[in-house]
Each structure stands twice: as structure tokens, then as C-alpha cells.
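# Working through the structure, step by step
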Amino acid sequence: MLSVDTKRPAGPAGRITRVETLALGTAWRDFGYVRLHTDQGLTGVGEITHPYRVAETCALTEAMGRRHLIGADPFDVEEIWLRMYQGDFLRGGDIGGIVVSGVDQALHDLMGKALGVPVYRLTGGATRDRVRVYANGWYTGEREPEVFAAKAKATVAKGYTGLKVDPFGAGLHELDRVELRRSLALVEAVREAVGPDVDLYIEGHARFAMATARRLVHELVPYDIGWFEEPLPWTHIERYAELRALAPFPISGGEHFHNRYEYKPLFATDAVDIVQPDLSMAGGFTELRKIAAQADAHGMTVAPHNSNSPLCTTASVHACLGLTNLTVLETFDGLLEPYVFDAVKGALPIEDGHIALPERPGLGIELADEVFAEHPPTHRFWNMFAEGWEKRNRT
């Protein structure tokens, strides 16, 4: 089973003949991509972005391609997934998980192109006519209530009905009294600015001690938030259920896990109300559907994490269309430079806070090599525990 050498006839996409990677530099982060070629003249693309280790994901993709992809039939997605994970002794983790996720996206892109259908037709079809998205990354700059309020209003004016914000400054475990008051003032200003009909999601970035998280659960009640995301480190996953019992609003999380096996303790402990797998980290289309099914069996909904490029946004829309327990999809697309959209030609646009049903075969995206050549990796690193990180200054 775990061998590319098979006598089975190839499907309509042919067999994979080449694996290549590309990296694009931006002020936000470096974006990484894989492109698979087949002997039928088809190419399939996927995202292998790591927040800080794109060079490593690219190198591992090419190495795993030589070991597991050359000669493979893209339609054998389950076998390829297992071959890459089990056959390469990945043992989980972020770099390997991202590589498997991006390759899985590219395999589905190839299948859709070979059959002449959008990828969502291969992953459960459509359960809705469009996908609702919320905006993240809109609150860069000074952490002042009036600044956050003005930017929140401007973002909602573009049609978004949901906003995520990390109101907290740099630090780990605790907030001093001044920082606590300032953070809550920012949340209050945003809620007053956008009114009661806009969902407001609060990001914790998995960094608070239990006592601080418990205090924040109490303090956030007046602002009618949609969820409190990752209030605790995942090293303390056994305490998430304890915090959930105290919260009158949903607790969300899960972006840090890379496959169904890593998700096991989250489900076993009923850690969250809303599960947040990332299509480019949690195992691609093949794995995200399985994670969403487990969430459904536990009475949880799914709000996919998506802090990557418009390619991942577009791919995530294909995945979300078939999820019966979808809440909403994240997007950072409004934060990005225009040339990023030139690099990933065909990315789906956001209109009135939603993304419409895809029409083109596969993912509908092609990578523009000339744009990548003009914008090499920047190796940007934002240390969220350092003073000033909270301003998200991209200059």
C-alpha cells in the first residue's frame, strides 16, 4: 500500500512528474506554495505557508516529493496522505503538517482540473450558495480606542458582519491592571463603533494563565462577543473545559493541530465549542472533512482558521461549502499588498463580507512566477511577546 510503484492504471490526471515550490515575500509574512506537474500537462497548486519557516516547508516538500509523489496518481489522495504522514515518520508537528496540507490541496486542484469541476464538487458539494467571512488584521497601528473604533467602522462599511481583534498587548500569562483596562477599553470602543449586529471575536493567542483567562471571561461578558479564541496555552488543554464551564459565550481553538491524531485530546476533553482547523495546517481537504465530522459528533461547529494568502482563502471556501456545521471563515485578505493577488491569479474576491460559489475547475488559481521573482522572501519575524508587537507595524 505504501509505495508509489503500482500497477494500477492512472486516473485522468495522469501521474506526478515534478514537484516544485515557490516563496513570496510580503510585509505580513512569507507565503509558500507547492506546484505539482503531471504527465498529462496539468499543474496543481497548494499553500505551504509557515509563519516563520517557509524555507523549511519548501525544502521538506521537495524532499517528500521525491520520496512519495513522483509517479503517484493524484486521485489516490488517501494513500498519498498516509504515505507522506506514516511513511515519512512525520510524528505530527507544524512543518510536516503544513507540507502534507499543501500537497493535499494541490492533489485536489489536479483532480478538479482533470475532471473539469471545481474542487468543492469533490469534497461534499455545496450546502450553501456563498461563504460568510470575517475580517482580521484590520487593527494595525496605535492601540487607542478611537483608532480601533474608526478602523472597525471602516471595515464594517466594506460589508463585513464579523471582526476579530486581539486587544491585548505584548506579554505572557498575566496582564497588569493598566494593560487589562486598556485592552477592555479597546473592546468596548469597537463594540460601540460597530453596534450590536456585528459579530466580535476576541483573540487570546494561547498565552494566558488560567487565573487571567478566568478574569477575562468575566470582564468580556458586557461586550456580547462571538467567541473567546485560544485563551489558554494548548499545553494546558485539560483546563479548557473548566474555562468553558465559566463562559457564557463560546470558547474556540484548534489552529495549532495538524491532523486528526493531534485533535484527539481536544475532542476527548471537550475543550472548545468551536473548532478552528486551518486547511493549510490541519491536513488539507482530506483531513479537514474528518475533523469537521468529529466536531459535529461532539456538538461543535467549525470556523476554519486562515491567516495565510488568498490561495488558502480560496481553497478554504471550497472546503467550507461542504461543511454542514460551518460557523464562519477567517480572512486576512484586506491586510495584503495588491501584488499578492497578482501572484495567485484567480483568487476569489470578497464581496459584502461573503465569497461566492467558485466556478472554475480545480481551485481556479495559477501562480504567476514573474511576481514571485519580483518579491523574494523577507524572512519577517513578529515576536508577539516583545514590546510593540501589538501594534502590528509592518514598516
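Placed above this text is the structure.
Residues numbered from 1 in each chain as written. Predicted model: local features only at pLDDT ≥ 70, side-chain atom pairs only at ≥ 80, totals over all residues. Heavy atoms only, no water.

When its secondary structure is counted, the chain shows twelve helices and 14 strands. Rg of the C-alpha trace for the chain: 21 Å, near the compact-globule value of 21 Å for 395 residues, within the 12% margin. Out of the 395 residues in the chain, the part that is buried amounts to 59%. Within the chain, contacts between residues at least 6 apart in sequence are counted, and of these 72% link residues at least 24 apart. Of the roughly 15400 Å² that the chain leaves accessible, carbon and sulfur atoms contribute 52%. Counting 40 positive and 54 negative side-chain charges, the chain places the averaged centre of each group 2 Å from the other. (Helix = DSSP H or I, 4+ residues; strand = E, 2+ residues; numbered from the N terminus. Rg over C-alpha atoms; globule rule 2.2 N^0.38 Å. Buried < 20%, exposed > 50% of the residue type's maximum accessible area, 1.4 Å probe, protein only. Contact = heavy atoms within 4.5 Å. Areas by Shrake-Rupley, 256 points an atom, 1.4 Å probe, with all protein chains shown as cover. Lys, Arg positive; Asp, Glu negative; His and termini not counted. Charge placed at Lys NZ, Arg CZ, Asp CG, Glu CD.)

Here we come to the sheet that holds strand β1 (residues 16-24). If you walk across this open sheet you meet the three strands as β1-β2-β3, and the pairing is antiparallel. Looking at the sheet topology across the chains shown, the edges are occupied by β1 and β3 (43-47). Adjacent strand axes in the sheet meet at a mean angle of 20°, parallel and antiparallel pairs treated alike. Strand direction decides the pairing type here: strand β2 (residues 31-38) and β3, joined by five bridges, are antiparallel. Bridging from a neighbouring strand, Tyr33 pairs with Glu47 of β3. (Pairing = 2+ DSSP bridges. Axes fitted to C-alpha atoms, helices over the stretch in contact; angles between N-to-C directions.)

For the structure on display, the rule yields 15 aromatic pairs. Ring geometry for Trp28 against Phe332: centres 4.9 Å apart, planes inclined by 20°, an arrangement best described as stacked. Taken together, the residues Trp28 in the loop between β1 and β2 and Phe332 in the loop between β11 (329-331) and α11 (338-343) connect sequence positions 304 residues apart. With a relative accessible area of 7%, Phe332 lands in the buried category. (Phe/Tyr/Trp six-rings, centres within 6.5 Å; stacked < 30°, edge-to-face > 60°.)

A full pass over the atoms with the stated rule returns 22 salt bridges. Taking the shortest distance from any N to any O, the salt bridge between Lys113 and Asp109 comes out at 3.3 Å. You can see Lys113 and its partner Asp109 sitting in helix α3 (residues 94-115), four residues apart, about one turn around the helix. Neither Lys113 nor Asp109 differs from the other in exposure class; each is buried. Notably, a salt bridge pairs Asp273 with Arg244, separated by 2.7 Å at the nearest N-O pair. Residue Asp273 is found in the loop between α8 (260-268) and β9 (274-275), and its partner Arg244 is found in helix α7 (residues 240-246); the two are separated by 29 residues along the sequence. If you follow the salt bridges from partner to partner, you end up with Arg8, Asp76, Glu79 and Arg83 in one network. (Salt bridge = Lys/Arg side-chain N within 4 Å of Asp/Glu carboxyl O.)

By size, the foremost hydrophobic cluster in this structure holds 89 residues, and its most contacted members are Leu163, Phe228 and Leu266. In contact with Leu266, not counting residues within four places along its chain, are Trp234, Ile237, Gly253, Gly254, Phe257, Ala271, Val272, Val275 and Met300. Core analysis: the next-biggest nonpolar cluster, separate from the first, contains 28 residues, Val19, Leu69, Ala72 and Ala106 among them. (Core = buried A, V, L, I, M, F, W, Y, C linked by side-chain atoms within 4.5 Å.)

Another aspect to go through is the environment of Pro222. Relative to the assigned elements, Pro222 resides in the loop between α6 (210-219) and β7 (227-229). Between the C-alpha atoms of Pro222 and Gly253, which are 31 residues apart in sequence, the distance is 22 Å.

Our next topic: the packing of α3 against helix α9 (residues 284-297). Taken N-terminus to C-terminus, the directions of α3 and α9 make an angle of 105°; their axes are 6 Å apart at the nearest point. With respect to α9, the element α3 is oriented roughly perpendicular. Packed against α3, whose contacting residues are Ser101, Asp104, Gln105 and His108, the element α9 presents Gly284, Phe285 and Thr286 at the interface. Looking at the contact of α3 with α9 residue by residue, the class counts come to one nonpolar, five polar and one charged. (Parallel < 35°, antiparallel > 145°, perpendicular 65-115°, else oblique. Nonpolar A, V, L, I, M, F, W, Y, C, P; charged D, E, K, R; others polar.)

Bringing the pairing of strand β6 (residues 199-203) into the picture now. With respect to burial, β6 is a largely interior element, four of its five residues being buried. In this sheet, β6 lies alongside strand β5 (residues 162-165) in parallel orientation, the contact comprising four bridges. Residue Leu163 lies in a different strand from β6, and its bridge partner there is Leu200. The parallel pair β5 and β6 is bridged by helix α5 (residues 177-194), and the resulting crossover is right-handed. (Right-handed = clockwise from strand over helix to strand, strands pointing away.)

Attention now goes to the packing of helix α2 (residues 77-85) against α9. It is at 9 Å that the axes of α2 and α9 come closest, and there the two elements cross at 95°. Considered as vectors, α2 and α9 are oriented roughly perpendicular to each other. Note on element contacts: α9 touches α2 through Thr286, Glu287 and Lys290, opposite Val77, Glu78 and Trp81. Classifying every residue of the contact of α2 with α9 by side-chain character gives two nonpolar, one polar and three charged.

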